[in-house]
Amino acid sequence: MAADDMDIPAPQDSALTALYAPKPVRPGHPVPHITSLEEYSERWKRSLAEPNAFFGDLAKKLLSWSRPFDVVSFGDFTAGNVSWFLNGQLNACYNCVDRHALTTPEKIAIIWDSDEIGVHRSITFGEVLAEVSRLANVLKAYGVGKGDAVAVYMPMVPEAAYAMLACARIGAIHSVVFAGFSADALRDRILDAKCKVLLTADQGKRGGKTIHLKKIADEALAEAPCVEKVIVFRRTNDPSVPFTSPRDVYWDEEVSKQRPYCPCEPMVSEDPLFMLYTSGSTGKPKGVLHTTAGYLLGVTATTKYVFDLHEGDVHGCMADVGWITGHSYILYGPLSNGVTTVMFESIPTYPNAGRYWDLVDTHKITSFYTAPTAIRALRRLGDEHVARYDLSTLRTLGSVGEPINPEAWLWYHDIVGRGRCNIVDTYWQTETGSIIVTPMPGATPTKPGSATLPFFGIDIAVLDPTTGQELAGNNVTGVLAIRNSFPSVARSIYNDHARFLDTYLNPYKGYYFSGDGVTRDEDGYYWIRGRVDDVINVAGHRLSTAEIESALILHPACAEAAVIGVPDEVTGQAIVCFCTLKAGDEGDIAAALKAQVRTHIGPFATPKRVVITPELPKTRSGKIMRRILRKVAGLEVTEKDLETEDGLREKLGDLTTLAEPGIVAVLVKIFAGRT
Ligand code: WTA
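Residues numbered from 1 in each chain as written. Predicted model: local features only at pLDDT ≥ 70, side-chain atom pairs only at ≥ 80, totals over all residues. Heavy atoms only, no water.

**Quick notes on the nonpolar core**
Now for step 1: Ranked by size, the top nonpolar core spans 169 residues in total, and within it F85, L165, Y332, I548 and L552 carry the most contacts.
Now for step 2: Top element by residues in this core is helix α5 (residues 158-170). It accounts for ten residues.
Now for step 3: Mapped onto the domain boundaries, this core takes at least three residues apiece from domain 1 (31-347 + 426-516) and domain 2 (546-671).
Now for step 4: Among residues more than four places away in sequence, those in contact with L552 are C558, A561, V563, C577, C579, L593, Q596 and V597.
Now for step 5: Core analysis: the next-biggest nonpolar cluster, separate from the first, contains 29 residues, A353, V386, L391 and C421 among them. (Core = buried A, V, L, I, M, F, W, Y, C linked by side-chain atoms within 4.5 Å. Buried < 20%, exposed > 50% of the residue type's maximum accessible area, 1.4 Å probe, protein only. Helix = DSSP H or I, 4+ residues; strand = E, 2+ residues; numbered from the N terminus. Domains from an automatic or database assignment. Contact = heavy atoms within 4.5 Å.)

Right under this line is the structure:
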């Protein structure tokens, strides 16, 4: 990776970084699992010194095995061939459903709260077992078996969870595609994984709007002939939704024909559990592959310790099941712990900005998990929306997906948590499967804006981005890397192990490379600074600049495109595209190019701005200098800076390699509104 693209994002305002002690236990609330920093530290040290003993014990304690493992970890992590819990046999669905359904069938597994306020449904572990089994039998009847990839393109309904669990039950590999992705994006993901079956819904509901899932899926399937069967859940029952018999079948009709029990397929530890496509630094999304035992242990342990779950708790993770946060902390983590999980179909501001807090009050949520973008948006809408609800059941408030600025952290702490809840800013990635840097509620003193300390078994190194040397000691800034193997780390990219190695393990030999910048402060606390690669994070959604660029240049008028992320008060980052046009194409096609991105990726990837420019700033060897684009679009350079060469150099660094230096002034003027 070129040093030009390795700018580490600037640190956040640090005026608000007082230390907050863990909160005292309130009457009627349980004592946390870990009660002091010393206890955390001792366990963390043991997890690194004796990982096999540590994770071997944890795996026996937290998971149910149909055959015990006999080797805890094996292989070379940084060569990309590590295995965990060898020769062990288990089933993720059994762990999440059966073992609780057998002992406490009446316990609530899922609370579904719909788009319509006041309409919600509680589903017991016993009911989940029956529903999942029926669906698993449907999948089997259509020839799906162990190792087959199944696409899931579902709205936020319990059936999305059943779909994933049914796959896990029979050993099929689910590939969930977020319902905000467009037909093209869905098609590409289906084709890459060669899915034979798609589980979808007629329509989805979100914030009062209808999402035409089946219509979009049909468009995708027109170019994805590998799909033989489409199982359609009727969410809205709208008769105008297209239905192509015999390829399409209705979910309710199919499951009603099946027995409510299906045996669990015994899976060996390293059998794949799922793949989830994520954006990287090329245009082609990659199917990050997770395996059964390691992933399940990672999410079970982190959900238990980071959210400090206890018997009778209700965990409310506001993510979508289409992203890793939904996989790990709506579905697998809470259910494996036998804790009630909330599935929320709507958005935080519909029908008003009190919606999250209404959920907490109604369902007596004890741990709540959302993204900084939602916290920032709600903070702007006023404290009165929070004040009118009883939030006394809350003990832990989590944040995930992007750096949280101290102001948002403090609002979460003071206004939502009312100063009584522990805030856990949790850092992790699709690839890590589970949380890797986080406070332990009850144990870790927190600082607003810092994800604090590593989870058990995680050994973090800060590397100099250019030399790759480790930066030892405290008060250092570099790229975040991991030295050691841990159970939930992804094992590969589906059908492309070479790409897995090139992306994560080859950039810095001997380490896993996260793609994030980080500071380790004077207390050894970690402050995640954001991506240093070509990944941008819009409202917690991870997008690759290359993927957006590929979409833009498919437009007939677009000659070249360069995409960057700029800071945005609510969404963290926003997308700005710079495009040059083909000869003969003139005029304002910015709107058409925005639409192009929506069509190829999805509405959540809509650029904030498309700038038509006569050329892009490039080096003489033809490499686009994104650093310049980032600074100009981030309004770090003004027209005044153009007046002297020194002024410009101070803002933009060395410009001697630029092929056409005049382009800088043109771009600055565009952003100053002068052209
Ligand atoms: C970012 C989401 C700062 C980071 C779980 C990472 C964060 C990317 C945090 C992964 C956090 C996630 N503080 N940044 N607490 N959590 N990120 O794969 O840049 O969708 O690399 O997984 O989100 O995004 P992904």
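**So, empty space enclosed by the protein**
Now for step 1: Counted by the stated rule, this structure contains four cavities of 30 Å³ or more.
Now for step 2: There is about 140 Å³ of room inside the largest cavity.
Now for step 3: As for the largest cavity, its lining consists of 14 residues, of which K23, P24, V25, R395 and N422 are closest to the centre.
Now for step 4: Here the second largest cavity defines a volume of roughly 90 Å³. (1 Å grid on protein atoms, 1.4 Å probe; cavity = no way out; pocket = protein on both sides within 12 Å on 5 of 7 lines; lining within 4 Å. Points joined across faces, edges and corners; volume = space filled by probe spheres on them.)

**Some details on the pairing of strand β5 (residues 120-124)**
Now for step 1: Relative to β5, strand β4 (residues 108-113) runs antiparallel, the two sharing five bridges. Residue pairing across strands places I108 opposite T124, the latter belonging to β5.
Now for step 2: Two successive antiparallel strands, β4 and β5, enclose a turn made up of six residues, where G118 displays a positive phi of approximately 90 degrees. (Pairing = 2+ DSSP bridges.)

**Description of the site of the ligand**
Now for step 1: Residues in close proximity to the ligand total 17 residues, the closest being T426, T430, D516, R531 and R542.
Now for step 2: Between P403 and the ligand, the recorded distance is 3.4 Å, taken from a backbone N or O atom to a nitrogen atom.
Now for step 3: Between the ligand and D516, the relevant distance is 2.5 Å, taken from an oxygen atom to a side-chain nitrogen or oxygen of the residue.
Now for step 4: When the ligand sits alone it has 530 Å² of accessible area, and the protein chains cover 97% of it.
Now for step 5: Within the residue set of the shell around the ligand, elements represented by two or more residues are α10 (324-336), β20 (422-426) and β25 (526-531).
Now for step 6: Of the residues that constitute the shell around the ligand, the class distribution is six nonpolar, six polar and five charged. (Near = heavy atom within 4 Å. Polar contact = N/O pair within 3.5 Å; in protein donor to acceptor, adjacent residues only side chain to side chain. Areas by Shrake-Rupley, 256 points an atom, 1.4 Å probe, with all protein chains shown as cover. Nonpolar A, V, L, I, M, F, W, Y, C, P; charged D, E, K, R; others polar.)

**Quick look at the packing of aromatic side chains**
Now for step 1: Applying the stated criterion across every chain, the model contains 34 aromatic pairs.
Now for step 2: Measuring from centroid to centroid gives 6.2 Å for Y40 and F456, while their planes differ by 25 degrees, and the two rings are stacked. Of this pair, Y40 sits in helix α1 (residues 37-49) while F456 sits in the loop between β20 and β21 (460-463); the two residues are 416 residues apart in sequence, bridging distant segments of the chain.
Now for step 3: When its relative accessible area of 2% is taken as the criterion, F456 is described as buried.
Now for step 4: Judged by centre distance (5.7 Å) and plane angle (55 degrees), the rings of W65 and F85 are tilted. Residue W65 is found in the loop between α2 (51-62) and β1 (71-74), and its partner F85 is found in strand β2 (residues 83-86); the two are separated by 20 residues along the sequence. (Phe/Tyr/Trp six-rings, centres within 6.5 Å; stacked < 30°, edge-to-face > 60°.)

**Digging into the sheet that holds β21**
Backbone hydrogen bonds are what pair the strands of a sheet, in a parallel or an antiparallel way.
Now for step 1: Ordered in space as β21-β22-β24-β25, the four strands form an open sheet in which the pairing is antiparallel. Only two strands of the sheet have a single partner each, and these edge strands are β21 and β25. Here the strands of the sheet are splayed against their neighbours by 45 degrees on average, with no regard to which way each runs.
Now for step 2: Sheet analysis places β21 next to strand β22 (residues 476-482), joined by four bridges and oriented antiparallel. Among the inter-strand pairings, A461 is bridged to a residue of β22, identified as A481. (Axes fitted to C-alpha atoms, helices over the stretch in contact; angles between N-to-C directions.)

**What about the sheet that holds strand β11 (residues 229-233)?**
Now for step 1: Here we have eight strands laid out as an open sheet, ordered β12-β11-β8-β6-β7-β14-β15-β23, and mixed in their pairing. Of all the strands in the sheet, the pair left with one neighbour each is β12 (248-250) and β23 (492-493).
Now for step 2: Note: strand β6 (residues 149-153) against strand β8 (residues 197-201), four bridges, orientation parallel. Directly across from A151, in β8, lies its bridge partner L198.
Now for step 3: Sheet strands touched by α5: β6, β7 (173-176), β8, β11 and β14 (272-278). Its angle to β7, the strand with the most contacts, is close to 150 degrees.

**Focus: α5**
Now for step 1: Taking 1.5 Å of rise per residue, the 13 residues of α5 would be expected to cover 18 Å, and the 19 Å separating its terminal C-alpha atoms lies within 8% of that figure.
Now for step 2: α5 sits mainly inside the fold: 13 of its 13 residues count as buried.
Now for step 3: One or two residues past the end of α5 sits G171, with phi positive at roughly 85 degrees. (Expected span 1.5 Å × (residues − 1).)

**Brief notes about the pattern of salt bridges**
Now for step 1: Overall, the coordinates contain 38 salt bridges when judged by the stated rule.
Now for step 2: Across the pair E645 and R649 runs a salt bridge whose closest N-O atoms are separated by 4.0 Å. Linking E645 with R649, this pair stays in helix α19 (residues 645-652), spanning four residues, or about one helical turn.
Now for step 3: Exposure remark for E645: the relative accessible area of 66% places this residue in the exposed category.
Now for step 4: Through salt bridges that share partners, D184, R187, D188 and E223 make up one connected network. (Salt bridge = Lys/Arg side-chain N within 4 Å of Asp/Glu carboxyl O.)

**Some thoughts on the side chain of D184**
Now for step 1: Looking at the secondary structure, you find D184 in helix α6 (residues 183-193).
Now for step 2: On the accessibility criterion, D184 (16% relative accessible area) is buried.
Now for step 3: Those residues in contact with D184 that lie beyond four places of it in its chain are T599 and H600.

**Brief notes about the environment of L552**
Now for step 1: With respect to the element layout, L552 can be found in helix α16 (residues 545-553).
Now for step 2: Judged by relative accessible area, which is 0%, L552 ranks as buried.
Now for step 3: Once the C-alpha coordinates of L552 and D425 are considered, the two residues, 127 residues apart in sequence, prove to be 35 Å apart.

**Here's the deal with the packing of helix α3 (residues 92-103) against α5**
Now for step 1: Contact pair α3 / α5: the axes reach a minimum separation of 7 Å and the direction vectors enclose 120 degrees. The angle between α3 and α5 falls in the class oblique. Handedness of the α3/α5 crossing: left-handed. Note on element contacts: α5 touches α3 through L165, A168 and R169, opposite A92, C93, C96, V97 and D98.
Now for step 2: Class assignment of the residues belonging to the contact of α3 with α5 gives a composition of six nonpolar, no polar and two charged. (Parallel < 35°, antiparallel > 145°, perpendicular 65-115°, else oblique. Left-handed = near helix turned anticlockwise from the far one by under 90°.)

**Description of the domain arrangement of the protein**
Now for step 1: In terms of domain boundaries, the protein breaks down into domain 1 (31-347 + 426-516) and domain 2 (546-671).
Now for step 2: Computed from C-alpha coordinates alone, the two centres of domain 1 and domain 2 are separated by 35 Å.
Now for step 3: Between domain 1 and domain 2, the residue contacts involve 13 residues of the former and ten residues of the latter.
Now for step 4: Summed over the three residues of domain 1 that lose the most area to domain 2, namely S182, D184 and G283, the buried surface amounts to 45% of that side. (Buried area = accessible area lost by both parts, 1.4 Å probe.)

**With respect to the pairing of strand β19 (residues 396-400)**
Now for step 1: Most of β19 is tucked away, with five of its five residues classed as buried.
Now for step 2: Alternating positions in β19 separate into two faces, T396, G398 and V400 on one and L397 and S399 on the other, with burial throughout.
Now for step 3: As defined by bridge partners, strand β18 (residues 367-370) adjoins β19 across four bridges and the pair is classed as parallel. For S367, the partnering residue across the bridge sits in β19 and is T396.
Now for step 4: Where β19 lies against β20, five bridges are found, and the strand directions are parallel. Looking across to β20, one finds that L397 is bridged to I423.

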